[in-house]
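# Coordinates in review
Spelled out, the chains give:
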Amino acid sequence: MGGQTVSLVMAGSGGAGVVTAGSLLLEAAARAGWYAYMTRSSGPQIRGGEAAVMIRLGTEPIASHDDRFHLLVGVDWQNVGRFAAEIPLGAESLIIGDPGEGETPEVFVRSGAQQIALPMKALAKTVPDGRPNMVAFGAIAGMIGLTEDVVLGVLRDTLKRKGEEAIAASIAAFRAGVEAAADFPAVPRLPAGTPATSERWSITGNEATGMGALRGGVRFVAAYPITPATEVLEWLAPALPKVGGVLVQAEDELASINQIIGGSYGGVPSLTATSGPGLALMTESLGLAVAAEVPIVVIDVMRVGPSTGIATKSEQADLNIAVYGLHGDAPHLVLAPTSVADCLFTTQWAVHLAESLQTAAIVLTDQAMGQARAVMPRSAAVSFIGQREKPAALEAGVHYKRYANTASGVSPMAIPGMAGYTYTADGLEHNETGTPSSQASDHQAQLDKRLRKLTGYNYGDHWADITGDEDADTAILTWGSSAGPAREALERLRAAGQRVKLIAVRLISPVQPEKFANALKGVERVLVVEQSHSGQFHRYLRAQYDLPRQVKALHHPGPLAVRPGAIVEHITQWS
Amino acid sequence: MDACVQQRDYTAKDYKSDVKPIWCPGCGDYSVLAAITRALATLQLAPENVAVVSGIGCSSRIPAYTSVYGFHGVHGRALPVATGLKIARPDLTVLVTGGDGDGFSIGGNHFLHACRRNVDLTYIVMDNQVYGMTKGQASPTTEPDWEGSKLTPDGAGIESFHPLVVALAAGANFIARCSSSDPNNVADIITQAIRHPGFSLVQVLSPCVTFRPEQQEWKHMVRTAVVDVTDDAARAARRLMTDDGFNVGKVLYKGDRPAYQPEAKGAAAVADLEADFAL
């Protein structure tokens, strides 16, 4: 992480406009040259209900929230107390509330944070069409040192469509907030950043996933809407046609995955996006893609489970179903991005691997990462474009063997339209030509081949993000969005003189035993960090890898995020 | 284009593979397979430009018995596979083959939405009113008092499903019924169905002589429907609601709804989309 950061929350009931104000703040901070990371929390309501935006701004790229927030602004307090556990505060924190909108919820008061009154509603009324959320925005901007000229530029650009009056009203309310907060106690003020250029992006994890799909060559998407994966599809729906692709809203998840199997069988790299309940419905056909060797990519933006769980909140508890959910022996790929930015790379890589290895790839992102917006350096292009091996010319009279038992395990794949190569793709066990077979020898040969192509492939160094000290005696093992706080913990520990390394696993399956052992050389103890109740990742590592003798596991369920401080504490106490 | 295709004169044999069917002797599906290959020969379609997609069941084995591109998937999901294939590859002729259980039970929701989505597919359902591959259980089209299954020894006790009426209600654009006892007629109707743009449903009465031996009588019970094809869905529905299911040999309904085919025509580079995110 490095650099200085400031963390704040804006909360309020539906219609209070905290998400709007948060987005404006993020945009302004980005233009001011700062980096940013914003997650949201909302209740289960369809519209309205309470909402909170949690924002961290800093002078360097950010991938995690801090242990505590410096500032909590409640535009009103209706039901906001429900989020208390997700908004850790301390005695050094400030809570700003509107005295006209009721008492600060006791659960926040208990943190010992200093309380400050700001009559947002009343101040908003002093200007024509003023709104309390803009007063709150002004107060925060003033307190953290965001200059007015940048904010005014953002307001003008964003509210252009609403007309001059709306812009004037927002500016007036914003100024009222800045003024009112002039004497408030200090929160960290960030030094001026380098003004942003097009080399910097503002992007959500779900958008990055969509972009990764397109960069990887995906041109057909079929999916059924589900929170929190829908934004992947909403970004792709208008983007795909621009690059010659198509998106179909299917009738359900069973249709979604089978449509993309059809599209991919036709030669077009294909993808679907869903969340846990949808992934559960898709598992049978994931096995079909594995058996028929049709490349597909399934994005699972995980949410709190089991069953329909908590649709709007994050957890990392679909690892078991992603790895083990398929019936029979069905080797497939499971990958996980390690940050918002990495959603792009990992999705693109997943498409590349699925196409190269002709199998199913599941990409596990989650709500926290998918719906987080980050201001980050522009994502550099990488050259992964799905490469599906095509069959060579056939000699006269030779029958095309779609499932040829090759040394690499990858069998060259014809696509419809190629004359002379007609075959039937089959989920039933089959022989090399694709004819259904119940013979033990055919089954053994095809099982071996489908496993071999995954285990024999060279995944390079992308299997994990490894950072920290080469000669570390302690390692943090983690995956997915827990890698963000782990990265920050690593920096804090190293700053305190510890020799630590972080291994954030990107390729969950197939396992990479040699690379893993190499990465752990010299390491005497590992802390396994994840966001699940049962420690799914910990158990998976125990089952698949040799771990050092000293292992500790830090895991708790969602929606509570893993905090860097908790990781630091676990390792420090170990010393 | 036509001249080019006709350079090679395809015969029905060119569409048949050398894989021996697993079907029982006397199964109606043999003549449906023959009818499909005959229809493809009539249309002189290059085998590599045709795909046959299926789910699970006796009749779903058809792709392996053809020498066009085939896809044999999982139970009930043939229509979505075919939908994805046709949308991704509109240049292909896509047929879907299956049975009453695959299409109307486990695949029921996809059946409704395929009718309504109207992608240019030809769906051939071999209806034998029984689950043959699992050795004789009631299917959605089995009559409620059939006591031939150990699973429902007192009969299924529920009303049988009316696929053609449901298809009409769901928006299907081409609906026909025929009998495997007249393979020439089946071939003719499949030919018409392939030519018709949008989703076409062809129900073929195809007896299961093993688990419903009484269906051998179907060849004497079927009669050529004495109706003309209509484009009036209400009229077609009335007819179908009142007939006994043995009026065959005809296209019963033909609409003119345009086929659904989202076009992939943009030519931008992926990098052009980066502007969405740049500050």
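For clarity, every value in this text was computed on a predicted model and none was experimentally measured. (Residues numbered from 1 in each chain as written. Chains lettered and ligands numbered in written order. Predicted model: local features only at pLDDT ≥ 70, side-chain atom pairs only at ≥ 80, totals over all residues. Heavy atoms only, no water.)

Attention shifts here to the overall build of chain B. Across its full length, chain B holds nine helices and nine strands. The C-alpha atoms of chain B give a radius of gyration of 20 Å, which matches the 19 Å a tight globule of 279 residues would have. Expressed along its principal axes, the backbone C-alpha trace of chain B runs to roughly 70 × 50 × 35 Å. Across the 279 residues of chain B, 58% fall into the buried class. (Helix = DSSP H or I, 4+ residues; strand = E, 2+ residues; numbered from the N terminus. Rg over C-alpha atoms; globule rule 2.2 N^0.38 Å. Buried < 20%, exposed > 50% of the residue type's maximum accessible area, 1.4 Å probe, protein only.)

Okay, the confidence of the model for chain B next. Averaged over all residues, the pLDDT of chain B is 95; the fraction at 70 or higher stands at 97%. This prediction of the complex comes with two scores: 0.96 for pTM and 0.97 for ipTM. (pLDDT = per-residue confidence, 0-100.)

Moving on, we come to the packing of aromatic side chains. Counted according to the given criterion, the structure contains 26 aromatic pairs over all chains. Look at tyrosine 10 of chain B and tyrosine 15 of chain B: their rings are 5.9 Å apart centre to centre, the planes differ by 50°, and that puts the pair in the tilted class. You can call tyrosine 15 of chain B buried: its relative accessible area is 0%. The side chain of arginine 200 of chain A reaches across the aromatic face of tyrosine 35 of chain A, ending 4.0 Å from its centre. The side chain of arginine 525 of chain A reaches across the aromatic face of tryptophan 574 of chain A, ending 5.2 Å from its centre. (Phe/Tyr/Trp six-rings, centres within 6.5 Å; stacked < 30°, edge-to-face > 60°. Lys NZ or Arg CZ within 6 Å of the ring centre and 35° of its normal.)

This part covers the pairing of strand β5 (residues 174–179) of chain B. Residue and element names in this part refer to chain B. By the criterion of burial, β5 is predominantly enclosed, with six of the six residues buried. Alternating residues of β5 divide into Phe174, Ala176 and Cys178 and Ile175, Arg177 and Ser179, and every residue in both groups is buried. Looking at chain direction, β5 and strand β6 (residues 200–205) are connected through six bridges and run parallel. Bridge pairing links phenylalanine 174 to serine 200 in β6. Where the polypeptide runs from β5 across helix α7 (residues 183–195) and back to β6, its parallel neighbour, the crossover connection is right-handed. (Pairing = 2+ DSSP bridges. Right-handed = clockwise from strand over helix to strand, strands pointing away.)

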